[in-house]
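Listed here are the chains, written in short residue letters.
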Amino acid sequence: MAQSTLSRVLPLRTAVSTSAGLASAAVNFLAAVEVAEYAGGQSAWLAILVAGILIVFAGANFSELNALFPSAAAIRVWIRRGINDRFSLVSSMVYMLTVVFVIAADAFVLGHTFSRAVPAIPALLWIFVLLALVTWSNSRGIKVAGTVQDSNAFVLLGTLILFSLIALGRTPDLGQFHYFDLGRHWFEAVALGIFIFVGFEWVTPLAEEFQDSRQIPRGMFIALGLIAIAFGLFSLALTVAFPHGHGLVHSFVPQLLVGMRALGPLGFWWMAFITLTTAMTTFNGGLLAASRFVYALARERALPVWFARLNRRLVPQNALMLLAACAFVLAVLVYRTGQYLLLINAGAGVESLMYALSSILVISLRRREPSRPRSFRVFGYPLAPGLVAVLFLGLGVEALLTPTGPSGFPGALVFFLGIVVVMTAYVLAVVPRLKKRRKGEQGVSTPR
Amino acid sequence: MTLLEALTQFAYECNHNDRLQAMNRDWTRRIQLDPDDTHLPHYIISDSGQLSVGAGAVDNPDLLITSSEEILTAVFSGQMTPTEPYNAGDLMVKGRQDDVMRLDILTLLIWGE
């Protein structure tokens, strides 16, 4: 049968901007500072570059999985076909929770940025108002235009590149720094550098909207390059402009400092504006994707049907409100305690483990579905995906073990394990009952 | 029940449901169903929410749905929610997510949760 041509499809530009935009959260500014702390200074750029190169291999895994099953359900389908349904449910739920982590972490950055820019208004009020605004617009079915979402990613990365180059140009005696001097904790720096790229693969759920699914890998790889350049330069500018970086850790607004160094008050305010638009697009994209995922789980009775209830604008209102409330509560807790490292480390850990899992899925699906067409195949199979699995497993464990406070306590690991235990218990104990109830109802299914 | 019979019933339910008519009054789309076992395509056309169905392909569809004929029949006759085969990778879609969501909501409102 000849392939039908769809009436409306997305261009490559959208694949690039979506991948880059979803990865470019405002909390990445703080992650860059943390990478610099562990890298021991000016070699932070190298840690980010190495993390980016490693992620290209994970990107290749996602490209093959996406080529095999180009579906908005993405990891839910891949893990189910590659391993089993229960593992798929647990992993998908934990993975989607990272969206809530990132929203909460961005809210933290946003609060600090605006309490610095406009001190008269409390940070928590900024967080509440902006999160409520995005939730309200989502619940009304108002969508941010694709061009706005597209342009924000390019403006952010362009700003970072330009401002970083200006800040570097204004720093005297650049030859005095040690750009290749690897500190004792450089492996941790690479592990945390993973966080900068977190979310690049969330473009794969858009696969259905592209006529040619090869646009997704192209978009992801271009986006990874842009992110590595932009945040590599940003970390370089930070560590060179502020070589004794302890003030950076406690400022929570490194991007404003680089903006100030580059263009004075104009740079400061432009960076504040960019932080606002970046956080808003993270809130918007995150809540939209996560609420639809929760809706889909409720439709297949993996969650109570309450989550599939729609408002009159056909938006899954209950799912949306609950996710927004969770993100707000988490943001308040993080803001009050200052424990943002917990979210960064947990996010980096979960993502690294997911990248390791993507390798296992590629290998498993090559065996289980050898004849199913794939428009993209990973390079160096089976050695490369095998090595990538081991490497990302190590990086994930390292990120989770990285201390989140001066006591050395691995809070991210405990946080992660707690979530996994709760999700596993839910999938084993509650989901079978929900599905059983569904089967009982199916016998009396009639049109309404 | 054949796929065409299931689609005919589905269209009848939609076209006689005031809520769905109001909801879809701005929804004009061409949807093609491609059974990957029989290779006999069918279509659903929504003209401002008024559905018509038939056997055969349509030009430049807005949405392409691929699955086995058995699953497509089960989905459009209310025996199965679309989400189940979709989340299992047994039902693949090409097109805008808004339209996929809209179609899922149609089945939800016709056949219930």
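Keep in mind that this is a model prediction, so the values were computed, not measured.

So, how was this worked out
- Residues numbered from 1 in each chain as written.
- Chains lettered and ligands numbered in written order.
- Predicted model: local features only at pLDDT ≥ 70, side-chain atom pairs only at ≥ 80, totals over all residues.
- Helix = DSSP H or I, 4+ residues; strand = E, 2+ residues; numbered from the N terminus.
- Buried ≥ 20, exposed ≤ 12 C-beta atoms within 10 Å, placed from the backbone.
- Contact = placed C-beta atoms within 7 Å.
- Nonpolar A, V, L, I, M, F, W, Y, C, P; charged D, E, K, R; others polar.
- Pairing = 2+ DSSP bridges.
- Axes fitted to C-alpha atoms, helices over the stretch in contact; angles between N-to-C directions.
- Core = buried A, V, L, I, M, F, W, Y, C linked by C-beta atoms within 7 Å.
- Expected span 1.5 Å × (residues − 1).
- UniProt positions renumbered as here; feature names shortened; annotations may be inferred.

1. Brief notes about the overall build of chain B
- The helix and strand tally for chain B stands at 5 helices and 5 strands.
- Counting helices and strands in the order they occur from the N terminus, chain B gives α-α-β-β-β-β-α-α-β-α.
- Dimensions along the principal axes, computed over C-alpha positions, put chain B at roughly 35 × 30 × 25 Å.
- Expressed as a percentage of the 113 residues in chain B, the buried residues total 48%.

2. A closer look at unusual backbone geometry
- That bond from A:Y381 to A:P382 is cis: its omega, 0 degrees, falls within 30 degrees of zero.
- Tracing the sequence through the fold places A:P382 in the loop between α14 (340-368) and α15 (383-401).
- Even without glycine at this site, A:R301 takes up a positive phi of about 65 degrees.
- You can see A:R301 is positioned in the loop between α12 (265-299) and α13 (317-337).
- Phi is positive for B:S48, close to 50 degrees, though the residue is something other than glycine.
- Given 10 C-beta atoms within 10 Å, B:S48 falls into the exposed group.

3. Here's the deal with the interface of chain B and chain A
- With 31 residues of chain B at the interface, the matching set in chain A holds 26 residues.
- Those elements that place two or more of their residues in the side of chain B that touches chain A are β1 (29-35), α4 (83-88), β5 (92-95) and α5 (97-111) of chain B.
- For the side of chain B that touches chain A, the element with the most residues is α5(B), which contributes 7 residues.
- Tallied by class, residues from the side of chain B that touches chain A come to 12 nonpolar, 11 polar and 8 charged.

4. Topic: the sheet that holds β1(B)
Residues and elements named next belong to chain B.
- Sheet architecture is open: 5 strands sit in the order β3-β2-β1-β4-β5, paired in mixed fashion. Bordering the open sheet on either side are β3 (50-55) and β5, each of which pairs with just one other strand. This sheet shows a mean twist of 15 degrees between the axes of neighbouring strands, independent of strand direction.
- Relative to strand β2 (residues 42-47), β1 runs antiparallel, the two being bridged by 5 bridges. Residue pairing across strands places L33 opposite H42, the latter belonging to β2.

5. Remarks on the nonpolar core
Residue and element names in this part refer to chain A.
- A104 and I227 are the most contacted members of the largest nonpolar core, which totals 191 residues.
- Broken down by element, the residue count for this core peaks at 17 residues, all from helix α5 (residues 85-117).
- Setting aside residues no more than four positions away along its own chain, A104 makes contact with A327, L330, A331, V334 and L343.

6. A closer look at α13(A)
All names here are of chain A.
- For α13, with 21 residues, the first-to-last C-alpha span of 30 Å sits near the 30 Å given by 1.5 Å per residue.
- For α13, the set of buried residues is N318, A319, L320, L323, A324, A327, L330, A331, V334 and Y335.
- Among the structural elements, α5, α6 (123-139), α12 and α14 are those in contact with the buried residues of α13.
- Looking at the residues trailing α13, positive phi occurs at G338, about 75 degrees.

7. So, the UniProt feature "domain: SCP2" (unreviewed entry) in chain B
- Here the UniProt-annotated "domain: SCP2" (unreviewed entry) positions come out as residues 27-101 of chain B.
- Secondary structure content for residues 27-101 of chain B is 25% helix and 37% strand, and the end C-alpha separation is 12 Å.

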